[in-house]
Amino acid sequence: MKMRGALLACMLLLAPLASAYYHFIVYQLGPDSRVPLVTRFDTSVLPGNRLPLLIRETGAAEYAPGDNFTSLVSQVRAAAEAWNTVSTSNLKIAFGGLSSESRPMASPHIEVVFDEMPDGVIALGGPTNRLDPVTTSYGSFVPIVKSLVVLRANLATPVRPVYTERFFLTLVHEIGHALGLQHSWSGGVMSTEITRTTSKGSPLSLDDAIGLSILYPAESFRSKSVSISGRVAIGNAGVHLASVTAITASGPAVSTLTGLDGSYKLEGLPPGSYYLYAQPLPPSLQGEPQPVNITLPADPADSSRLLLPGPRFDTAFFPAATSTPVLPPNQFTAGVEYENYSFSVRARDRVNLHSVQTYTFAGQEAIKPATMVPSSGVSPLILFGYGMSTGTAPMPGLGVSLLDARESIAPGGIKAYASGPYYIQLDIQKFADAQPGHRHLIFSLNGETHVAPSALRIQARQAPVITSVVPNADGTLTIEGGPFQEGSSVLFDGARGTVRLVEDGRLTVAPPAAPFAHKGIVAVLNPDGQSTLMTLGAKSPVYAFETAVEPTLEFSPATLPAGVETVVELTATGMKLTAGSVQAAFGSSDVTFLKLIPLSDSKALVQVAISGQAMPGAVPVAVWTGLRRTVAGAQLQIGAATTAPYVAMSRISGGKPYPGGELIVPVMNLPQSTTLQTVSAAIGGIPAALTEVDAPAGVVRIAIPASVTPGPASLQLIVGGRTTMPAFVVIEPAPPQVVKAQTWKGIDLSPGDAHRAGDLIQVVVRNLPDLGVQPDLKRFSITSGTLDHAVVSAQTVAGRTGEYNVFIVLSASTPSDPPTLPLTVHFDGKSAGTITIPVR
């Protein structure tokens, strides 16, 4: 059944905008003011912080020529994976497979569905089901239960090829809405399609990553970063929903929107030099349902009244509150919260200059944003911006400049574009030694200023092309063209192949698995964000897949209770089960795939979490590898919820588990009467000692036996004589560890063996890999605060595998007071521990 206009209206009504980093905000009435709460998924109820994303199995009704459901699914999966690359976010999207309208889902999730759309609309996205506010370690917020991404059911009229940059970035954008992000005005993927300046090869900007990380912060998000706060006001009145942007001369922009009182806070910025400016939001364009193309928050005192943006105003740079950037830019140091970076702005009647999009061309293909390579001379940039053209020529008096850039507008270089006078051509004066990066345009007319972030990109090389795709006898393909780079990837529709060899004009790649006779668009994506889609477009090569044998899939056990985390064993024929390239999916948000643990090429364990709210019944079991979906012959039966204890594998802590280390294991449904005497444990079949049982907290601490072999190992608990459900843990090799310091003769250092600057000593380090006959000493670094001690030799300790004597010369700056000196040993950039030696 198709969901029609009522669904779209529901999405718009249920998606108010945030006033900080363009998040969804719900206001509540507080004692003295309206209190903003962000709308987000509650990661505390998501196993492993993984949010299921499912695609309705019906697919679109019609596709562009050459497209099909397989191609579309691969692009949706790739778009979701783009958000998983944000290292400072603790939320990860887990592909849940194909959903059915007849299969109910109770757990939080995103679902991609298909519906009729107004003309010109490709997709919509956002939260549709929410709960009452809750308070967790994150703070108070409104939990999302369900978000929808609605795609146009008819992708053939007008033609919407799913492989294109435009369609892919739309998918990433709408999934961003579903995660809790609204529009931004900094050029990232969450900017509107007009002002978006990202690409399929590099879909997210710093602004997008920060926006997501504020909703779902990892521990690393705010460490060593900068926050800037202040207020935008006209007189004493704060301006609601003003855009405040931090921008570097050649880097991306990061922006936020002000709250009801005009206050703002920029977070997560890398330290450095930034220009700060406040700019009004643009007016609605034709077809946009809300002012400034955002869904406005409602007044909690009167839900029928929207909280509108504040008055329009003149763009202002900090601190002078003028339309001219301040030189030099403001300097910001890591770890500091900068306050009172406020703007006193001047009201204006209307915003005339806005919504700039820029282009350059590769043959007949338009590249957006405008992209150039360093060279001497002048190159044209084509743009369209509202309020900038009469229709036949630039508006009289229009001024254009680049923000703090060596490049400039050539004399007489603002003119009508000959092939379309409604557009404007800028002649850009370039330089052969220009540094790659972003360039930002500043427009001025009749006292009004508008900044267009990242409107021009300088790239070190041209966008790549493909001239031929040649099959090889070993099943790989040779792709010729270029320029290609180390780190170039090859897409077959939305699935990545395995690149075996990279040369400047040639790539060797193993295609992913695919259904028999599937035809996929081949594209090369370079690390600089450019791709062959930019240069070839509809002329991109097509590869026809051939598969000799359709794989088969079996699993056990066939029935699992609701409300557990456990493992399912998969056995495959005609398919290699490898971690990373194989993903299990169950067609329901109530069964979440967490991890695949290969036991052999044809057998693997799949770690799953089944919601306690899951309805009893059958769910499909499928494995996705590349473009291919393999469905098991039988379905998994979900039974009634259990109250028996089980191991919550996704929440095991204590660092990486290694022989001799410790596991902190959450045990759900642990009886309050549980003690050390009523629990036993084994890891990999080896009895393991328990060091603590905290029944109220539902946690047991387990000492990992030193004799456990690294790799997948069963984790068995017996609680009160009852064995918990199967659980596994992947044991890592023991990390390098410094154990002692000695004289160069091998005598342990004592207080009487104090050394001084320039002396030779040795430290003993265990658990190192085989370093060969001539160890690479650059893999070691030994420091004392800011002092570096020279590593001169590393020798194996006879009879002790993985143990080395590392000889060092104490720095010439080694102090004699205090009488001790800490030595911190790093191997391959990771700490192996610190020891203290006597000095004199």
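Residues numbered from 1 in each chain as written. Predicted model: local features only at pLDDT ≥ 70, side-chain atom pairs only at ≥ 80, totals over all residues. Heavy atoms only, no water.

### Section: the environment of Gly262
For the record, the criterion: By definition, any uninterrupted DSSP run of H or I lasting at least four residues is a helix, any uninterrupted run of E lasting at least two residues is a strand, and each is numbered from the N terminus. Whether two residues touch is decided by their heavy atoms; if any such pair falls within 4.5 Å, the residues are in contact.
When you line up the elements, Gly262 lands in the loop between strand S12 (253-257) and strand S13 (263-269). In contact with Gly262, not counting residues within four places along its chain, are Gly230, Arg231, Val232, Gly238 and Val239.

### Description of the pattern of salt bridges
Note the following rule: Definition used for salt bridges: Asp or Glu carboxyl oxygen within 4 Å of a side-chain nitrogen of Lys or Arg. Burial classification: accessible surface area is computed with a 1.4 Å probe over protein chains only, and a residue below 20% of its type maximum counts as buried, one above 50% as exposed, and the rest as partly exposed.
Tallying each qualifying case throughout the model produces 21 salt bridges. Residues Glu448 and Arg348 are paired through a salt bridge, measuring 3.4 Å at the closest nitrogen-oxygen approach. Here Glu448 is found in strand S29 (residues 448-458), whereas its partner Arg348 is found in the loop between strand S20 (343-344) and strand S21 (354-362), with 100 residues between them in sequence. Of the residues examined, Glu448 reaches a relative accessible area of 5% and is grouped as buried. Across the pair Lys603 and Glu569 runs a salt bridge whose closest N-O atoms are separated by 3.5 Å.

### Considering the pairing of strand S11 (residues 243-247)
In plain terms, the rule: A strand pair is defined by DSSP finding two or more bridges across the two strands.
Along S11, five of the five residues are buried, which leaves the element largely enclosed by surrounding structure. Side-chain alternation along S11 places Ser243, Thr245 and Ile247 on one buried face and Val244 and Ala246 on a second face that is also buried. When S11 meets strand S14 (residues 272-279), the two strands line up antiparallel, connected through five bridges. Paired with Ile247 across the bridge in S14 is Tyr275. Here S11 pairs with S12 via five bridges, running antiparallel. In the strand pairing of S12, Ile247 is matched with Ala253. Between the antiparallel neighbours S11 and S12 lie five residues.

### Section: the environment of Glu62
Residue position: Glu62 is located in the loop between strand S3 (50-56) and helix H2 (69-84). A relative accessible area of 42% means that Glu62 is categorised as partly exposed. The spacing of Glu62 and Ser714 is 652 residues in sequence and 48 Å in space, taken between C-alpha atoms. Excluding its chain neighbours within four sequence positions, the residues that come into contact with Glu62 are Ala153, Asn154, Leu155 and Ala156.

### So, the packing of aromatic side chains
To describe a pair of aromatic rings, one takes the distance between the centres and the angle between the planes. As a reminder, the rule being used: The rule is short: rings of Phe, Tyr and Trp, with Trp giving its six-membered ring, pair when the centres are within 6.5 Å, and they are stacked under 30 degrees, edge-to-face over 60, tilted in between. A positively charged side chain is recorded as over a ring if its NZ (Lys) or CZ (Arg) lies within 6 Å of the ring centre. The angle to the ring normal must also be within 35 degrees.
Within this structure, the stated rule accounts for 17 aromatic pairs. Ring geometry for Phe318 and Phe343: centres 5.9 Å apart, planes at 70 degrees, overall edge-to-face. Of this pair, Phe318 sits in the loop between strand S17 (316-317) and strand S18 (330-332) while Phe343 sits in strand S20, and the two are 25 residues apart along the sequence. Neither Phe318 nor Phe343 differs from the other in exposure class; each is buried. An angle of 65 degrees between the planes, with centres 5.9 Å apart, marks the rings of Phe492 and Phe545 as edge-to-face. Pair noted here: Phe492 is in strand S32 (residues 489-492) and Phe545 is in the loop between strand S37 (542-544) and strand S38 (552-556), with a separation of 53 residues, a long-range link. Both residues of the pair, Phe492 and Phe545, belong to the buried class. One aromatic cluster is present, built from ring pairs that chain together Tyr264, Tyr274, Phe318, Phe332, Tyr338, Tyr341 and Phe343. Sitting over the ring of Phe141, Arg40 keeps its end group 4.6 Å from the ring centre. The ring of Phe431 has Arg406 sitting right over it, with the charged end atom 4.2 Å from the ring centre.

### Concerning the sheet that holds strand S47 (residues 636-641)
Under the convention used in this document: In this analysis an axis means a line fitted to C-alpha atoms, helices contributing only their contacting stretch, and an angle means the value between N-to-C directions, from 0 to 180 degrees.
One open sheet accounts for three strands, arranged S39-S47-S44; its pairing is mixed. The open sheet has two free edges, formed respectively by strand S39 (559-562) and strand S44 (617-619), since each of these has just one partner strand. Strand-to-strand twist in this sheet, taken as the mean axis angle between neighbours without regard to direction, amounts to 40 degrees. With four bridges joining them, S39 and S47 adopt parallel strand pairing. From the neighbouring strand, Leu560 faces S47, where its bridge partner is Ile638.

### As for the sheet that holds strand S35 (residues 506-510)
With respect to topology, four strands assemble into an open sheet ordered S30-S31-S35-S34, the strand pairing being antiparallel. Of all the strands in the sheet, just strand S30 (465-471) and strand S34 (498-503) have a single pairing partner and so form its edges. Strand after strand, the sheet turns through a mean of 20 degrees between neighbouring axes, direction not considered. Pairing between S34 and S35: five bridges, direction antiparallel. Note on S35: the bridge partner recorded for Glu503 is Arg506.

### Re the side chain of Thr476
The test is simple: N or O atoms within 3.5 Å of each other form a polar contact, as long as, within protein, one can give a hydrogen and the other can take it, and as long as residues adjacent in sequence are counted only when both atoms are side-chain atoms.
Summarising the element assignment, Thr476 is placed in the loop between S30 and strand S31 (477-482). Owing to a relative accessible area of 4%, Thr476 belongs among the buried residues under this scheme. Within the structure, Thr476 has its side chain in polar contact with the side chain of Asp474 (distance 2.6 Å). In this structure, Thr476 is in contact with Val470, Pro471, Arg500, Thr508, Val509, Ala510 and Pro511, ignoring residues within four places of it in sequence.

Purely geometric stuff here, so don't read any function into it on its own.
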